[in-house]
Amino acid sequence: MEPVPKDVNELIALFDLTETGPTSFRGPQPRTYLQRLFGGQVLGQTLVAAARTVAPERHIHSLNAYFLRPGANDTPLDFEVEVVRDGGAFSNRRVVTRQGDREIFMMTASFQEAEEGLDHSAAEPTDVAVPEASPSLREVLERRFGASFTLLAEWDALDVRLAARPDRTDSGGSMKAWVRTRQPMPDDPILHAAVLAYLSDITLLSVTTVPHEVEFLSPAMQAASIDHVMWFHRPVRVDEWLLYDMVSPSASHARGFATGRLFQGGQAVASCAQEGLIRVLR
């Protein structure tokens, strides 16, 4: 069984939803090595479902999502979109994602027409290696877990490289990574936003364990996303290098909290925050 998505075409296919009603959709499932759904997949597909009910000139600027139950990896996802409001400049949507009669995920999303206004950005971090000199995430994890570490194949459509060594700082756990798709993407802003949401979930929760003597991918650790918030500041192309700057300021009560900033072309293009379960099994 080959993992999916193994390239950009199969990644894009995840977001090709089938319309099942005026505001309802069904999403495909990939073949997978994972025991449950990857959270980034659900994030991206649900975002596309919401966007399919919004005028094309309005673009996603924020989402707030909760992972309610683990998703099965062999059952299609059904997305029910509620049109909350269409105002003069903003549109708001609420989406419930189900598998059968089980609600597994919910999202609120806001869209806005492009406007001129005040403009500033944090500076992109410079204390990092360039992508060409950064080791791939696959290389780093295979050195740690062995060449048979097959979970990495789940994200073969993405090129992920560690721009700086994960470390404990005064701000908590820290990690920086370069990421982009391995092949060019179509010029569809919804797809680029969906893939950005997808990739934002790959490494973020792992940063919460960096200050501790634990292995995030170890059988001794139970980890799962609880919620995910994301803000889209500027247009982005996920087939060009993005610098993902991640920090975990807190972990407590078997929960870890992390924030991430995504930069491209020297400007902040998106921000995100996530809390997840990081339970040490005894």
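Data block above holds the structure.
Because the structure is predicted, anything quoted here is derived from the model rather than measured.

Trainee: Would you explain empty space enclosed by the protein in this entry?
Mentor: Any space left empty among the atoms is revealed by the rolling of a water-sized probe across them. Scanning all chains against the criterion turns up 2 cavities of 30 Å³ or more. As a volume, the second largest cavity reaches approximately 50 Å³. In terms of lining, the second largest cavity is formed by Leu158, Val160, Ala177, Val179, Leu199, Ile202, Thr203 and Tyr244. Those elements that place two or more of their residues in the lining of the second largest cavity are β7 (158–169) and β8 (172–181).

Trainee: When you look at the pattern of salt bridges in this model, what are you seeing that I'm missing?
Mentor: Oppositely charged side chains can pair when the atoms bearing their charge come close. Per the stated rule, a full pass over the model turns up 14 salt bridges. As a salt-bridge pair, Arg98 and Glu103 come within 3.2 Å of each other at their nearest N and O atoms. Of the residues examined, Glu103 reaches a relative accessible area of 30% and is grouped as partly exposed. Between Lys176 and Asp127 there is a salt bridge; the shortest N-O distance is 4.0 Å. Separated by 49 residues along the polypeptide, Lys176 in strand β8 and Asp127 in the loop between β6 (102–113) and α3 (137–145) bring together distant segments of the chain. On the accessibility criterion, Lys176 (11% relative accessible area) is buried. Taken together, the shared-partner salt bridges in this structure form one network comprising Asp127, Lys176, Asp245 and Arg261.

Trainee: Got a minute to help me understand the packing of aromatic side chains in this structure?
Mentor: We describe a pair of aromatic rings using the distance from one ring centre to the other and the angle between the two ring planes. In this structure the tally under the stated criterion is 4 aromatic pairs. Each ring, one from Phe38 and one from Tyr198, has its centre 5.1 Å from the other, and the planes form 85°; the classification is edge-to-face. Of this pair, Phe38 sits in the loop between β2 (24–27) and α2 (39–51) while Tyr198 sits in helix α4 (residues 189–200); the two residues are 160 residues apart in sequence, bridging distant segments of the chain. Between the aromatic rings of Trp178 and Trp241, the centroid separation amounts to 6.4 Å while the plane-to-plane angle is 70°, which identifies the pairing as edge-to-face.

Reading the values: rules and limits
- Residues numbered from 1 in each chain as written.
- Predicted model: local features only at pLDDT ≥ 70, side-chain atom pairs only at ≥ 80, totals over all residues.
- Heavy atoms only, no water.
- 1 Å grid on protein atoms, 1.4 Å probe; cavity = no way out; pocket = protein on both sides within 12 Å on 5 of 7 lines; lining within 4 Å.
- Points joined across faces, edges and corners; volume = space filled by probe spheres on them.
- Helix = DSSP H or I, 4+ residues; strand = E, 2+ residues; numbered from the N terminus.
- Salt bridge = Lys/Arg side-chain N within 4 Å of Asp/Glu carboxyl O.
- Buried < 20%, exposed > 50% of the residue type's maximum accessible area, 1.4 Å probe, protein only.
- Phe/Tyr/Trp six-rings, centres within 6.5 Å; stacked < 30°, edge-to-face > 60°.

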